[in-house]
Amino acid sequence: MIRKAILLTLIILAPLSMVVSADTSARSHGCNATVDAAVHHITISPSGPLSMPADQALNITAIPYNSAGTELNVAIEWSSSSGSLQNFGGGSARWYPQTVGAQTVTACNGEIETVLNVNVQPGVPLTFELSVSQENVTADDTLSLTPLLRDQFGNGWIPNIPFVNWNLPDGVGISLPNDGTPPILTPGPVGAMTVSVDWDGWAGSTSFNVSRGVVVSVFIQHVSNQVSSDDLVDLCALYTDQRGNTWATNASWSTYAGLADGALSSFMDECIVFDAGPIGDWIVEIDDQNGMTDSLILSVEPGRLAQISLDNLTTEIHIGDFYLLEAEGFDAAGNPVTVDGWNWTVTDGPSTDPIVPDGDGITFVPDKVGQHTIQVMAAGRVQAIDVEVLSGVPVSLEIEVLDGLGTQSPVIVTGLSLDLLLYGVDENGNRNPIDVPIEDWFILNDFGTIENASAGGTGHYTFTSSGIGDVSITVFLDQAQGVLIVLVLQGPLDYLEVILPVEGDQGKTVHFEIAGFDISGNPVDIHQCSATITTDAGEAECDENGWKIDLDTSGELVVHARIQSSEGTSAEGSDFITVHSTWFGWGDNTQVIISGSLLIIFFISIILVVLFKHLGSRIEEEIEMIKEENEDEEDTPPPPLQHIGVGGVFPPPSLDKTPPQVTTSIPVATVPAPIVATSPAFPPISTPAPIVPYDPFAALQPVVESEPEPEVVEEKVEEDWASTETEEVAEPESSIQTDDEWGVMSGNWNDEGDTLTTAAVEFAQIQHENRRGDGPRDAAEQTLRPLPGTVGGEDGWYFDREGRPSHWVHTEENGWTQE
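Please read these numbers as outputs of a predicted model, since none were measured by experiment. (Residues numbered from 1 in each chain as written. Predicted model: local features only at pLDDT ≥ 70, side-chain atom pairs only at ≥ 80, totals over all residues. Heavy atoms only, no water.)

K.L.:
A description of the overall build of the protein chain should follow, citing residues and the corresponding values.
P.N.:
Helices and strands together make up the secondary structure of the protein chain, namely four helices and 59 strands. With 819 residues in all, the protein chain has 35% of them scored as buried. Looking at the protein chain alone, contacts between residues at least 24 apart form 56% of all its contacts between residues at least 6 apart. A total accessible area of about 46100 Å² is found for the protein chain, and carbon and sulfur atoms account for 52% of it. (Helix = DSSP H or I, 4+ residues; strand = E, 2+ residues; numbered from the N terminus. Buried < 20%, exposed > 50% of the residue type's maximum accessible area, 1.4 Å probe, protein only. Contact = heavy atoms within 4.5 Å. Areas by Shrake-Rupley, 256 points an atom, 1.4 Å probe, with all protein chains shown as cover.)

Here it is, written out as structure tokens:
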């Protein structure tokens, strides 16, 4: 930490020190070194400017050069502005700076010299000092506080010490410039002050005396601005300086406009006594006769209870009236006094225990007519009052319907109103119209509202119904209450609500419902399909399960419902649905891609399976037929010798070795055909054609129109049995087999109009019609809806197009069949 603080101080001091680089110049004074006229300039290493601590040494080297830049071996003399130099000869030296600040080191030979400028910083601190600029100050002054570190050479500097490391007396402030200059102390209270510091292992303290400063103001010293009417208040006039130091002084005393001068014990003194009387805010003023003044506002509060007043109580009430017992207390000066608790009693009267607590208050509740004496006590003070109790206060309330029903339970349709008249009935049965605040009326479940009638006068009210069922109307007046039961019937259909999802995908079906309500918001039973639906979202249909929409238009669309009653009234309602657009108008885009891909793969798989299965069986049949024919031919007479080659049937070789005339070549399929003999007169020479490997994808090649097959013209040639040489037969020309040719090769396994491609299509069509899917389908290819308990696509019960239940079973051979 010490080294960090030193480095921070050095960084701050470095810009303040003058630093110049080394230079070479002609000396104006002589140099003791042996002069060599060839010296043109001298360089010093390390070159400046440099910065180093005062307690370290610097090894330096000077090299002289002639004008041609050639190094010379001449003597060098060294000198410095401070510290000590140790010359090792040969241009080498060691310098100990010792003194902080801007220092120089000079190397010379004759008139030629070079100066190295060095900024010397303090060395490692060894001592710490703390001092103040003056020991005696006034509260108006400031003083410098100097923390000083010194190294081994006595170099001193002011470190930057954080505020938390200073220990200051109360009221004393300090300013820390943190720029290498001493901190500034601002005194506070008068007296001896001690300031100490404990920082990074260094500690120190110093003391100084503070005397009061110049008077800046005068003020009235007091304990509190709030005083009791019974209290005596001590007040003093005090001077103060700018640091808050105070001392007493003589002053003249008065009150604003002389309104409370009688409460002052003296008009000229350092301290006086203020004897308060009436409550209120009183202004006390002082003047030191030197132009300084001050004032004080004293708020006088009531004193102790001295007397009780019952003037707020009436002397006549009716039985049942709310009679809150209230008393007022006053102090000796007549100021109102707040009493925490009053002790009430009835000292005379016919009623039994008429004093009744009511919440935070006390009430008088008589049960007998006659005069009663009520007494109150508090803080040793007593007061009493005589109260005459009369009859006639209502003890119950009656609600009467003004349509002739009286107090009987009326029946109305929700939303309609009743005119009511409220009566108050006393204990003697007398009925009189009476007004009760609206907030004292209560309706069960809030099934209606009560309002003051627009006409009629006292006791007239209007009830507007809502809800359905028996509704009790209750009214309270003090302890009395009245109840009326009204039967509220359901109202006619007033409006509709469309209950549907907030969003859907184009191409999908969403289900929704229609709900009906009367004018009070009560549900009304409606037939779902009785509504007329208007929407741009798609076609809406209704069945026994409710409404559904096949979404075919995207966007934020409204679905509007309307029901027309037989009386000519209508109820309407609507809601919005957000339809998201999709590819091809059904499902989301991912479903479209997946479904399309699966459909393509499905059809390709069907075609390949059919081809592989059929062609494989046909090849096996052809091979079997060839084997059977070869076995049969072994028992038949030999036919005339002919060659059966790849290109067709050829005559036997001639005996005179004359090249025979070859019949016209007939292209044939790669599948070998049965051997054809032209005559049974000669033994057969069986040379079966090689079997070409089966290519299952040949049927998928494009259909190419083949040339019509030429008729085979057999030319008779002379038979030459003596010749053993066979004629070379030309290779047949390659040809692409059409679907019709494949049909011939396959033995016309369907009919003349069928090919493998059409057969595959028909097979795929049958498979599609027999698919299980989501369930049985009608003639329009619409999937039937399953009954509850049946999962779509599984055997079970489904609704037919007429909505009747029917039982369906699926097989792979016949598809869906109805049982």
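K.L.:
Any chance you could break down the sheet that holds strand β32 (residues 343–348) for me, citing the residues and the numbers?
P.N.:
If you trace the four strands from one edge of the open sheet to the other, you get β29-β36-β35-β32, paired in mixed fashion. Two strands lie at the open edges of the sheet, namely β29 (316–318) and β32, each paired on one side alone. When strand polarity is set aside, the average angle formed by the axes of neighbouring strands in this sheet is 35°. Bridge count for β29 against strand β36 (residues 381–390) is three bridges, and the pairing is parallel. Looking across to β36, one finds that Glu 316 is bridged to Glu 388. (Pairing = 2+ DSSP bridges. Axes fitted to C-alpha atoms, helices over the stretch in contact; angles between N-to-C directions.)

K.L.:
With reference to specific residues and values, describe a negative patch on the surface.
P.N.:
Where like charges cluster on the molecular surface, the negative patch consists of Glu 539, Glu 541, Asp 550 and Asp 552. By the element assignment, Glu 541 lies in strand β51 (residues 538–543). Residue classification places Glu 541 among the partly exposed positions, given a relative accessible area of 33%. (Patch = residues over 30% accessible without salt bridge, like charges linked within 9 Å, V, L, I, M, F, W, Y side chains within 5 Å. Salt bridge = Lys/Arg side-chain N within 4 Å of Asp/Glu carboxyl O. Lys, Arg positive; Asp, Glu negative; His and termini not counted. Charge placed at Lys NZ, Arg CZ, Asp CG, Glu CD.)

K.L.:
Please set out the sheet that holds strand β2 (residues 41–45) residue by residue, giving values where relevant.
P.N.:
Pairing is antiparallel across the open sheet formed by four strands, whose spatial order is β2-β4-β7-β6. A single partner strand is all that each edge strand has here, and the edge strands are β2 and β6 (84–89). Neighbouring strand axes in the sheet, compared pairwise and without regard to direction, differ in orientation by 25° on average. Where β6 and strand β7 (residues 92–96) come together, five bridges link them in antiparallel fashion. Residue pairing in the sheet places Ser 84 in a bridge with Tyr 96 of β7.

K.L.:
Give a detailed account of the pattern of salt bridges, specifying residues and quantitative values.
P.N.:
In the structure shown here, the tally under the stated rule is eight salt bridges. A salt bridge links Arg 785 to Asp 543, with the shortest nitrogen-to-oxygen separation between them at 3.7 Å. Residue Arg 785 is found in the loop between α4 (756–769) and β57 (796–799), and its partner Asp 543 is found in strand β51; the two are separated by 242 residues along the sequence. Ionic pairing is found between Arg 777 and Glu 781, a salt bridge with its closest N-O pair at 3.7 Å. The class of Arg 777 is buried, set by a relative accessible area of 14%. The exposure class assigned to Glu 781 is partly exposed, which follows from its relative accessible area of 47%. Here the salt bridges do not stand alone but share partners, grouping Asp 543, Glu 544 and Arg 785 into one network.

K.L.:
If you had to explain the confidence of the model for the protein chain to someone new, which residues and values would you point to?
P.N.:
Here the protein chain averages 78 in pLDDT, and 77% of its residues register 70 or above. Every residue in residues 1–29 scores below 50 in pLDDT, and together they form 59 contacts with partners more than four places removed in sequence or on other chains. Low pLDDT, under 50, characterises residues 638–754; the stretch is placed with 154 contacts to residues that sit more than four places away or in other chains. (pLDDT = per-residue confidence, 0-100.)

K.L.:
Quick rundown of the layout of surface pockets? Include the residues and the values.
P.N.:
Considering only enclosed or pocket space, the second largest pocket measures out at about 1300 Å³ in volume. Around the second largest pocket, the lining comprises 28 residues; the ones closest to its centre are Asp 774, Glu 781, Gln 782, Thr 783 and Leu 784. Contributions of two or more residues to the lining of the second largest pocket are made by β48 (509–517), β51, β52 (546–551) and α2 (589–633). (1 Å grid on protein atoms, 1.4 Å probe; cavity = no way out; pocket = protein on both sides within 12 Å on 5 of 7 lines; lining within 4 Å. Points joined across faces, edges and corners; volume = space filled by probe spheres on them.)

K.L.:
How would you summarise the packing of aromatic side chains if you had to cite specific residues and measurements?
P.N.:
The tally for this structure, following the rule as stated, stands at nine aromatic pairs. Both rings, one in Tyr 798 and one in Trp 816, keep their centres 6.0 Å apart while their planes meet at 70°; by these two values the pair is edge-to-face. Taken together, the residues Tyr 798 in strand β57 and Trp 816 in strand β59 (residues 815–818) connect sequence positions 18 residues apart. Accessibility classification places Tyr 798 together with Trp 816 in one group, the buried group. Seen from the ring of Trp 247, Arg 212 lies directly overhead, with NZ or CZ sitting 4.3 Å from the centre. (Phe/Tyr/Trp six-rings, centres within 6.5 Å; stacked < 30°, edge-to-face > 60°. Lys NZ or Arg CZ within 6 Å of the ring centre and 35° of its normal.)

K.L.:
Pulling in residues and values, what's your account of a nonpolar patch on the surface?
P.N.:
A cluster of nonpolar residues, Val 411, Leu 487 and Leu 489, forms a patch on the protein surface that exposes about 220 Å² of accessible area. Mapped onto the elements, Val 411 comes out in strand β38 (residues 411–413).

K.L.:
Hey, could you go over the state of the cysteines for me, with residue numbers and the actual values?
P.N.:
One pass over the structure, following the stated rule, counts two disulfides. Cys 236 shares a disulfide with Cys 271; S-S distance 1.9 Å. On the S-S bond that ties Cys 236 to Cys 271, the torsion sits near 110°, and the link is right-handed. With Cys 236 in strand β21 (residues 232–240) and Cys 271 in strand β25 (residues 271–275), the pair connects residues that are 35 residues apart, well separated along the chain. Judged by its relative accessible area of 14%, Cys 236 is buried. With its sulfur 1.9 Å from that of its partner, Cys 529 forms a disulfide with Cys 542. (Disulfide = S-S within 2.5 Å.)

K.L.:
Break down the pairing of strand β54 (residues 570–580) for me, citing the residues and quoting the values.
P.N.:
Side-chain positions along a regular strand alternate between the two faces of the sheet. Judged from the three bridges that link them, strand β47 (residues 503–505) and β54 form a sheet pairing that is parallel. If you follow Gly 504 over to β54, its bridge partner there is Val 579. Two elements, strand β53 (residues 555–564) and β54, share ten bridges in a ladder whose sense is antiparallel. By the bridge assignment for β54, Val 559 is matched with Asp 575. Joining the antiparallel neighbours β53 and β54 is a turn of five residues, in which Gly 568 adopts a positive phi near 100°.

K.L.:
A description of the pairing of strand β43 (residues 460–465) should follow, citing residues and the corresponding values.
P.N.:
Most of β43 sits inside the fold, with five of its six residues counted as buried. By the bridge criterion, five bridges tie strand β39 (residues 417–426) to β43 in an arrangement that is antiparallel. Residue pairing for β43: Asp 419 is matched across the bridge by Thr 462. Examined bridge by bridge, strand β42 (residues 448–452) and β43 share five bridges and lie antiparallel to one another.

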